[in-house]
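Residues per chain, in single letters:
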Amino acid sequence: MIPQRWQEFLNEQRRQRTEQNLARKIRILRHQPAGRVLLGSQELVNFSSNDYLGLASDLRIAEAAARAAGRYGWGAGGSRLVTGTSVVHHELEGAVAKFRGTEAALVFGSGYHANLGLVSALAGAGDTLFSDALNHASIIAACRLSGGDVRVYKHRDYDELERLLSGSSAKGKRLIITDSLFSIEGDSIDCARLLKLSERFEALLVLDDAHANAVLGKRGRGVAEVQNVSARIDLVTASFSKALGSFGGFVACSREVRDFLVNSSRPFIFSSAMPITLAAANIEALRIVAAEGENLRQKLAGLVRTLRTKLQAAGFEAKGEHQIIPIVVGDEQKALAYSEALENQGMLVHPMRFPTVPRGQAMLRVSVSAAHTDDDIYRLVNAFKIARDKVTGKGTGKVARREAKRPDETIEVLDDSTMTGLNFSEVQALMAEAMSVEAGGDEPTDLAPKPAAPAEAPELAPSGTATIVKPESEAQADATTSAETLHPELAVEPELPKEDPPLASDGDAKTVRRTQRVKKGQTRIHKKV
Ligand SMILES: Cc1ncc(COP(=O)(O)O)c(C=O)c1O
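### As for the overall build of the protein chain
- The helix and strand tally for the protein chain stands at 17 helices and 14 strands.
- In the protein chain, which comprises 529 residues, the share counted as buried stands at 46%.
- Counting contacts in the protein chain only where the partners sit at least 6 residues apart, residues at least 24 apart contribute 75% of the total.

This is how it looks when you write it as structure tokens:
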């Protein structure tokens, strides 16, 4: 029973949201391959996702998860320091480090968690954190959680950052943290300038590369690689949920920082390990990006160029620099009207409103994916023109005719037979097959037993790994939240099993190609396999 005072609070919040055109609702979609979704029976080209390389519907990733589920089961069953770390997590961290070109990496449950886990462990009372005004919500939360003094500088205003650094006390530690490619504005940082400031003021520089990871740079190492300074960037956080098409987050760092986080990052220590299946899916996503990323990035860049040129030619100001293109319309109601009119043309473009952007600066955030086609881009530009006619009151006859044809948006009951995207019965078959491999079946898989690792420690194993397991029960680790019960000195990493598989490398991770089992027309994604 919700107390009266609380009910009044909730009612008032709802009233304000509605009055200010800020109410949000969850829309239930069916995700499809090729950058599309179904809303009821209407197919929409999805220009709102972070699936920049089109991997979210790549069945090879689902297959990798299915194989891991068949071999190891679904969940990790505990926090990383107790019983949650499997050989698959270990392999994933090696693969991340290799992909990012760092000594080591540490995986978290999400990108949000990675920011919380890194920043709250590194900085504390007496330290100063310098944060871009338009940093992601997870960075803002992380800075607050650290307990340090937070100084916010105007978006990408490095003169102001310099002034703030000069005026700050040199007693505590200093940390500069910023998105590298800003998730809504689509603009990016000046790495060289930030590096200079970080060196001059002995401030640790942390980049959140969530939207640039795997998308930008020759090897997909993000904004710093585009600006030719990736070797000088020591600390990066990113997410598996954007271009890698999956879920989870990571910190790419030195062995020393990893070891520090393992021993003192509360979001790492007191949260369960990501499911083994997810870790396996993430390894496969990294393998695909290492093998095919360059082509995908080239295709994406071409689509982005075309879209920008055409939007500008049509009189829209296409901001941003890369695959995120904000079209600022200002008024919240106008943004909603644009989005609706675009949707009527079969284009899904989400309106961004307060608190995601400041009040009165609502926008349409267009995000392009390598899964899109040239035709999708032309259709989007045309849809924008028609939407503008509708919103500004011109050409309404044309729009009205299209609206009349709009299919019913009734949400149907989800049922396997109506799913035209991923074929789940296939995934089930794969799981059964993986189990039979476990029981002596004959087809090799990525996760089938591998030859024992060489006797020497794996290249990316954390240095100084302790070999005792901490005397703290899993239940305690999972349930503990108070500072008094945190004993970082006891939190040591469990010894890695002797038969750890070798870390993933570009060449050795086998792709199990299963095209032959896919019936024609079942799913478009199999063309890629
Ligand atoms: C810059 C940035 N950092 C972190 C995150 C959080 O990542 P995740 O979705 O994996 O929690 C996001 C998510 O949108 C983001 O845009």
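### Some points on the site of the ligand
- Around the ligand there are 14 residues in total, and S110, G111, H136, S183 and S239 lie nearest to it.
- Of the residues forming the shell around the ligand, the biggest block, 3 residues, is contributed by helix 5 (residues 111–122).

### Observations concerning the nonpolar core
- By size, the foremost hydrophobic cluster in this structure holds 129 residues, and its most contacted members are L53, A65, V96, A105 and F250.
- When residues in this core are grouped by element, the largest group, 17 residues, is from helix 12 (residues 276–313).
- Domain assignment of the residues forming this core places at least three in each of domain 1 (27–56 + 293–404) and domain 2 (59–289).
- Not counting the four nearest positions on each side in its chain, V96 is found in contact with A105, V107, F250, A252 and L286.

### Some points on the pairing of strand 14 (residues 362–367)
- Summarising burial for strand 14: 6 of the 6 residues are buried, a large majority.
- Alternating positions in strand 14 separate into two faces, A362, L364 and V366 on one and M363, R365 and S367 on the other, with burial throughout.
- Direction of pairing for strand 11 (residues 324–330) relative to strand 14: antiparallel, over a ladder of 6 bridges. Note on strand 14: the bridge partner recorded for I324 is S367.
- Across 2 bridges, strand 13 (residues 351–352) lies against strand 14 in antiparallel orientation. Across the sheet, residue M352 finds its bridge partner in strand 14, namely M363.

### Considering helix 8 (residues 191–200)
- The set of residues buried in helix 8 consists of C191, L194, L197 and S198. Looking down the long axis of helix 8, one finds its buried residues gathered within 130 degrees of arc, a one-sided arrangement. Away from the buried face of helix 8 by more than 90 degrees, exposed residues E199 and R200 are located.
- Elements that come into contact with the buried residues of helix 8 comprise helix 7 (158–167), strand 7 (174–179), strand 8 (203–208) and helix 9 (223–226).
- Of the residues one or two after helix 8, E202 is the one with positive phi, at around 50 degrees.

### A closer look at the sheet that holds strand 10 (residues 249–253)
- As summarised here, the arrangement of the 7 strands in space is 4-10-9-8-7-5-6, forming an open sheet in which the pairing is mixed. Because the sheet does not close on itself, it has two edges, and the strands there are strand 4 (104–108) and strand 6 (149–153). For this sheet, the mean inter-axis angle between neighbouring strands, taken without regard to orientation, is 20 degrees.
- Sheet analysis places strand 5 (residues 128–132) next to strand 6, joined by 5 bridges and oriented parallel. Of the residues in strand 6, the one forming a bridge with S131 is V152.
- In the packing of helix 5 onto the sheet, the strands contacted are strand 4, strand 7, strand 8, strand 9 (235–239) and strand 10, and the crossing angle to strand 10 comes to about 45 degrees.
- Against the sheet, helix 8 makes contact with strand 7 and strand 8, and its axis sits at roughly 150 degrees relative to strand 8, the strand it touches most.

### A short note on the packing of helix 5 against helix 10 (residues 255–264)
- At a closest axis distance of 10 Å, the pairing of helix 5 and helix 10 adopts a crossing angle of 90 degrees. If you check the angle between helix 5 and helix 10, you find them roughly perpendicular. Across the interface between the two elements, G117, L118 and A121 from helix 5 touch F260, L261 and S264 from helix 10.
- Residues belonging to the contact of helix 5 with helix 10 are distributed by class as follows: 4 nonpolar, 2 polar and no charged.

### Examining unusual backbone geometry
- Between F354 and the following residue, P355, the backbone shows a cis peptide bond with an omega angle of 10 degrees.
- Structurally, P355 is set in the loop between strand 13 and strand 14.
- With a phi close to 55 degrees, N21 is a non-glycine residue in the positive phi region.
- Topologically, N21 is positioned in the loop between helix 1 (4–19) and strand 1 (30–32).
- Classification of N21 as partly exposed rests on a count of 17 C-beta atoms within 10 Å.

### Some remarks on the packing of helix 4 (residues 87–100) against helix 12
- Packing of helix 4 against helix 12 leaves a shortest axis separation of 9 Å and a crossing angle of 25 degrees. By the angle class used here, helix 4 and helix 12 are roughly parallel. Between helix 4 and helix 12 lies a crossing of left-handed hand. Counting all contacts with helix 4, which are made through V88, H89, E91, L92, A95, V96 and F99, the residues of helix 12 involved are I276, A279, A280, N282, I283, L286 and A290.
- Class assignment of the residues belonging to the contact of helix 4 with helix 12 gives a composition of 11 nonpolar, 2 polar and 1 charged.

Conventions we followed
Residues numbered from 1 in each chain as written. Predicted model: local features only at pLDDT ≥ 70, side-chain atom pairs only at ≥ 80, totals over all residues. Helix = DSSP H or I, 4+ residues; strand = E, 2+ residues; numbered from the N terminus. Buried ≥ 20, exposed ≤ 12 C-beta atoms within 10 Å, placed from the backbone. Contact = placed C-beta atoms within 7 Å. Near = placed C-beta within 6 Å. Core = buried A, V, L, I, M, F, W, Y, C linked by C-beta atoms within 7 Å. Domains from an automatic or database assignment. Pairing = 2+ DSSP bridges. Arc of directions from axis to C-beta. Axes fitted to C-alpha atoms, helices over the stretch in contact; angles between N-to-C directions. Parallel < 35°, antiparallel > 145°, perpendicular 65-115°, else oblique. Nonpolar A, V, L, I, M, F, W, Y, C, P; charged D, E, K, R; others polar. Left-handed = near helix turned anticlockwise from the far one by under 90°.

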